[in-house]
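# Secondary and tertiary structure notes
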Amino acid sequence: MSTPPTSTPTSLRNAVIRLAGNSQDGIQSIGGFLARLAGRTQKDVMTYMTIPSTISGGPSIFQLHLGSGEVRSPGDESDVLVAFYQHSYDNHLSALRDGGICIYDPDEVKELKSERGIVHVPVPFTSATIEAIGGSSRDRGKNMFVLGLLCAMYQLDREKLSGIVARQFGKKSEDILRNAMLAFDAGYAYPVGDIGSFNFAEGEHLDENRISTDGNTLMTMGLLCAGVRYGSAYPITPWSPIMELLRTELPKYGGIYVQAEDELAAVAMTIGAAFAGHLAVTGSSGPGLSLKAEALSYASMAELPLIVINVQRGGPSTGLPTSVEQSDLLQAIYGSHGDAPRIVLGPQDVEDCFYIALEAGRLAREYSCPVIILSDQALSSRIEAFTEPDVDKHWVEPPLDITPRPADFKPYPLDQITRHAPPGTKMEGGKYPIVTGLEHDEWGHPSSSPVIHQKMTDKRRRKLEELARALPNPEIYGEAEGDLLIVGWGCTCGPIRETVDRLRSEGHRVSSTQIRHLHPLPAGIGDMFSRFRKVLVVEMNDSGVYGYGQLAMLLRAKLADPRIESFCKTDGLAFRIREVVAAAEKTLASA
Amino acid sequence: MSTATPDAPSADTAPEKLTKKILTADHPTWCPGCGDFAVLAAFYKVLEKLQYPHEKIVCVAGIGCSSRFPYFVNSHGIHFIHGRALPLATGVSLSRPDVHVFVFGGDGDGFSIGGNHLNHAARKNIKLTYVIMDNNVYGLTKKQTSPTSPQGFKSKTDPTGAIDRPINPMKQLLASGATFIARTHAAQVKHMMEVFERAILHDGFSVVECLSECVMFYAGSFDNSTPRKGGVYDIIDESAHDVTDDTAAFKLADEAAPGKFGVFYQVQRPTKNALEQKWIDAEQARLAGKSPKDVLKNRIAQMR
Ligand SMILES: Cc1ncc(C[n+]2csc(CCOP(=O)(O)OP(=O)(O)O)c2C)c(N)n1
Ligand code: SF4
Ligand SMILES: [Mg+2]
């Protein structure tokens, strides 16, 4: 790797770059620019970031995995570490692979360790940026300098990248844009010495129509496409960006998103909009979902369609508000009083956030019940590139139906799924319906008859049984039979699939599946499992007193299959491939 | 839709006249003598007078004896959970400007478990009418202290007499920013009807505290404001009280029990409904007729 920049660049298929600094350094925006560029230049990308939960400052990282083939995880180890400070260097050097490149700011990083063949490259971002822009504002523009540096190093499309930067900063002011470009150009021209440059090999052909964004943004787009026009929520990390975006976007569609006084009011307002005949959404993160629990049981009882998003974070309580965890599955399925059936879905990557939102809308209306989407902190904030969704194909008109209902209308028919007549609907028989949380007969009259309670409980459960039968089995990655099936849900899809690739290349008969329909589970899932010698459920929650994670426990309860094993962790970090590989190897090796 | 056939005349051609008979639904489950019967009767009467289209009337309630109200009105209705009727009604009001939203509930439902929602629905000036049937006790759960129970009232949770100071509903509502605030009495049918009608016609958040005796668990609670039981029913003289003056209203609200009745406060302030619509109109004017589908397509195209 001692080629000077002018000679032939080293060809790469993948690169993992970790930027480590403080949250005010704007490293998230470097990552954002690069991710967007990747989307536009036929490269795949996945990002990962940590942000401190304190408001100003604190260590923060942004990791970016760029590749010319499909990129499925943010990468276990990085090829390049950009260290802004001594603490960044100290804490993240171990994330660098053997022989990796560490670019550091000698104005800040004073003590170096020579280990594992790591190549150290001093680049004085701070002083070089001040020199380029002038003035003395120490932190401004450093990120643009680093962006320029990386652009040159990886021979990225400079014109497109500066176009993306210009569009972003041009919105602010000419001065800001000029300074950003000065810093960018200085970084681009900075002589990094003998580490050489790299370019990406021509990859397999990726779709032309690609966009790049994060899960929260795309989930919001999915909701808008699904016909959501109303709802209400209360701010909480990492859910808030969805509500902020809905609040900003909905007026363009003639809708309203309300910031409520608390989560109890938020879910009540959303149920109000649903009762009024709309498709409505509320959302929160773990603690807020707990506050909505009473009203969720109401929605099951009253049979109202409702979408509830839970962007999970580390719990319990305030827990780790900016870390990833999947510990709200049981809360989502069962967390409320009474027998209150609801549907629970989990998107498997950023792209899937769009389609899950659409499906949630469809199922809420079709089954007239609450649908909870379990997203998580990792999906919410990481950026991925993928094929642009086809809005024309998926567009759903908002559903308000106030056409008169015939005289034999019953709000709660026993032999059919409830279809409410919202306010404004003329009732031709003259009898107006009431929506209720008391147990009721078919006409909505309160009833405590044992026969009716049994029949209505059956009715509400039957909807989910019907859905379970209608659901296809989840897609299998790899072959449909073998020694081991790795089962995951949510954001673990990437590391699990990379694990499968790695183990298959070593000759193991391993496949995986990501369960998107978490409740009810597809009826055929047991058949699918039966074609494997072992099943390993991988999830980010605690294995509990009985030794099984939340999904593993449910699958064991449903299938009574002792071959189902569980691999859990709760360190607040996304799975590394080597962690999943090790767990899978252990299961494979056991009898 | 509404394809009118000769034997099923659509109401488009022959609007039905709303009568008490049409508006009556299930027979109330209240105890004989409960004050809430009179509130229901007054509501029917006011609706008979206002003649809103039948399908546009929506009754909303939480939980409590008084909150059973929607079952007894033949209109679109929803019986929700304890204390959350107002946010639910907010969702209906904001998303359906074409309907009339009426909320009913008790003192526990409104001032205790739902207290914070009352503050926020009031300050947001949501277009709806809210009647709080205040019996100074928890009726449905059989005689616990309520936030309006006077000190000394013996309940199952205060066997030696209520210890905590009760709230002053009028003052609380004034502080929270409601734009129509009134007080009436279930035993004063004519006054109750007048107040209800004014509340309903108010464009904004209108709230009425209606004293309504719980004969089962707090008999005699309002004798001091019931003339036939020797009490005084003291109606606010609006020629002497400026209803737009909140300081004056605050003073009136400070009078010792049984206090004053009538409209304490009424001002016009834009509703949240109107302000949100203004924003929608501005956004849509900027989009110059672009369809929602194209708006979404353009938004997603920005992510290319
Ligand atoms: C979450 C919840 N907590 C408690 C209750 C029990 N509860 C039902 S009604 C009520 C109080 C009713 O008092 P009020 O609102 O004054 O109505 P009233 O019956 O006096 O008309 C209580 C505590 C409940 N239904 N739900
Ligand atoms: S318990 Fe009291 S409030 Fe409830 S119905 Fe009986 S009298 Fe009315
Ligand atoms: Mg009461």
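In this text, all values refer to a predicted model and were calculated from it rather than measured experimentally.

Rules and cut-offs
Residues numbered from 1 in each chain as written. Chains lettered and ligands numbered in written order. Predicted model: local features only at pLDDT ≥ 70, side-chain atom pairs only at ≥ 80, totals over all residues. Heavy atoms only, no water. Helix = DSSP H or I, 4+ residues; strand = E, 2+ residues; numbered from the N terminus. Rg over C-alpha atoms; globule rule 2.2 N^0.38 Å. Areas by Shrake-Rupley, 256 points an atom, 1.4 Å probe, with all protein chains shown as cover. Lys, Arg positive; Asp, Glu negative; His and termini not counted. Charge placed at Lys NZ, Arg CZ, Asp CG, Glu CD. Buried < 20%, exposed > 50% of the residue type's maximum accessible area, 1.4 Å probe, protein only. Polar contact = N/O pair within 3.5 Å; in protein donor to acceptor, adjacent residues only side chain to side chain. Contact = heavy atoms within 4.5 Å. pLDDT = per-residue confidence, 0-100. Buried area = accessible area lost by both parts, 1.4 Å probe. Salt bridge = Lys/Arg side-chain N within 4 Å of Asp/Glu carboxyl O. Pairing = 2+ DSSP bridges. Axes fitted to C-alpha atoms, helices over the stretch in contact; angles between N-to-C directions. Phe/Tyr/Trp six-rings, centres within 6.5 Å; stacked < 30°, edge-to-face > 60°. Lys NZ or Arg CZ within 6 Å of the ring centre and 35° of its normal. Near = heavy atom within 4 Å. Nonpolar A, V, L, I, M, F, W, Y, C, P; charged D, E, K, R; others polar.

### Remarks on the overall build of chain A
Broken down by element type, chain A carries 20 helices and 23 strands. Over its C-alpha trace chain A gives a radius of gyration of 26 Å, about what one expects of a compact globule, namely 25 Å for 591 residues. Of the roughly 21,800 Å² of accessible surface on chain A, 51% is carried by carbon and sulfur atoms. Side chains of chain A carry 57 positive and 72 negative charges; the gap between the two charge centres is 3 Å.

### What about the side chain of threonine 271 of chain B?
Residues and elements named next belong to chain B. Note that threonine 271 resides in the loop between strand S10 (260-266) and helix H9 (272-287). On the accessibility criterion, threonine 271 (5% relative accessible area) is buried. At 2.9 Å, the side chain of threonine 271 and the backbone nitrogen of alanine 274 are in polar contact. Contacts of threonine 271, omitting those with residues within four sequence positions, involve Lys124, Asn125, Lys127, Asp203 and Gly204.

### Some words on the confidence of the model for chain A
In this model, chain A carries an average pLDDT of 91, and 95% of its residues clear a pLDDT of 70 or more. Note on residues 1-6 of chain A: pLDDT under 50 across the span, and 14 contacts to partners over four residues away in sequence or across chains.

### Here we look at the environment of glycine 141 of chain A
All names here are of chain A. Tracing the sequence through the fold places glycine 141 in the loop between helix H3 (125-133) and helix H4 (142-153). Looking at glycine 141, the relative accessible area reads 17%, which means it is buried. Linking glycine 141 and cysteine 493, residues 352 residues apart in sequence, is a C-alpha distance of 36 Å. Beyond its immediate chain neighbours, meaning those up to four positions away, glycine 141 contacts Thr129, Ile133 and Ala183.

### So, unusual backbone geometry
Omega for the bond connecting histidine 519 of chain A with proline 520 of chain A falls within 30 degrees of zero, at -5 degrees, which places this linkage in the cis form. Structurally, proline 520 of chain A can be placed in the loop between strand S21 (517-519) and helix H18 (525-530). Within the chain, glutamine 51 of chain B stands out as a residue other than glycine whose phi angle is a positive 50 degrees. Mapping glutamine 51 of chain B onto the fold places it in the loop between helix H2 (36-50) and strand S1 (57-61). At asparagine 136 of chain B, a residue that is not glycine, the phi angle is positive and equals roughly 60 degrees. Summarising the element assignment, asparagine 136 of chain B is placed in the loop between strand S4 (128-134) and strand S5 (137-138). For asparagine 136 of chain B, a relative accessible area of 10% gives the class buried.

### Some thoughts on the interface of chain B and chain A
With 54 residues of chain B at the interface, the matching set in chain A holds 71 residues. Summed over both sides, the interface of chain B with chain A buries roughly 5,300 Å², with 64% coming from carbon and sulfur. The three residues of chain B that bury the most area against chain A are His76, Met303 and Arg304 of chain B, which together make up 13% of that side's buried surface. Joining chain B to chain A, the criterion identifies six salt bridges. Here arginine 247 of chain A ties to glutamate 276 of chain B by a salt bridge, and the two come within 3.0 Å at their closest N and O atoms. On inspection of chain B and its partner chain A, the count reaches 25 residue pairs in polar contact (both at pLDDT 80 or more). Of all the elements in the fold, those that place two or more residues in the side of chain B that touches chain A are strand S2 (76-79), helix H3 (85-95), helix H5 (115-124), H9 and helix H10 (292-301) of chain B.

### Observations concerning the sheet that holds strand S10 (residues 230-233) of chain A
All names here are of chain A. Taking strand neighbours across the sheet as the criterion, the seven strands line up as S11-S10-S12-S13-S15-S14-S21 in an open arrangement whose pairing is mixed. Looking at which strands have only one partner, the edges of the open sheet turn out to be strand S11 (256-259) and S21. Neighbour-to-neighbour, the strand axes of the sheet open up by a mean angle of 20 degrees, direction not taken into account.

### What about the packing of aromatic side chains?
Under the counting rule described, the total for this entry stands at 18 aromatic pairs over all chains. Both rings, one in phenylalanine 125 of chain A and one in phenylalanine 145 of chain A, keep their centres 6.5 Å apart while their planes meet at 50 degrees; by these two values the pair is tilted. Taken together, the residues phenylalanine 125 of chain A in helix H3 and phenylalanine 145 of chain A in helix H4 connect sequence positions 20 residues apart. For phenylalanine 145 of chain A, a relative accessible area of 0% puts it in the buried group. With a centroid separation of 5.8 Å and an interplanar angle of 65 degrees, the aromatic rings of phenylalanine 43 of chain B and phenylalanine 69 of chain B are classed as edge-to-face. Note that phenylalanine 43 of chain B is positioned in helix H2 and phenylalanine 69 of chain B in the loop between S1 and S2, a separation of 26 residues in sequence. A single burial state applies to phenylalanine 43 of chain B and to phenylalanine 69 of chain B, both of which are buried. In this structure an aromatic cluster arises from ring pairing among Trp30, Phe37, Phe43, Phe69, Phe72, Phe102 and Phe104 of chain B. One cation-aromatic arrangement involves arginine 158 of chain A over tyrosine 188 of chain A; the distance from NZ or CZ to the ring centre is 4.0 Å.

### Examining the site of ligand 1
With respect to spatial proximity, 16 residues lie near ligand 1, and among them Cys65, Ser66, Asp107, Gly108 and Asp109 of chain B are the closest. More than a single chain frames ligand 1: its nearby residues are located in chains A and B. Cysteine 65 of chain B is positioned with one of its backbone polar atoms (N or O) 2.7 Å from an oxygen atom of ligand 1. Here an oxygen atom of ligand 1 sits 2.9 Å away from a polar atom, N or O, in the main chain of glycine 139 of chain B. For ligand 1, the accessible surface in isolation is 580 Å², of which the surrounding protein chains cover 77%. Listed by contribution, the elements that provide at least two residues to the shell around ligand 1 are helix H4 (107-113) and S5 of chain B. The greatest single-element share of the shell around ligand 1, amounting to three residues, is contributed by H4 of chain B. Counted by class, the shell around ligand 1 contains five nonpolar, eight polar and three charged residues.

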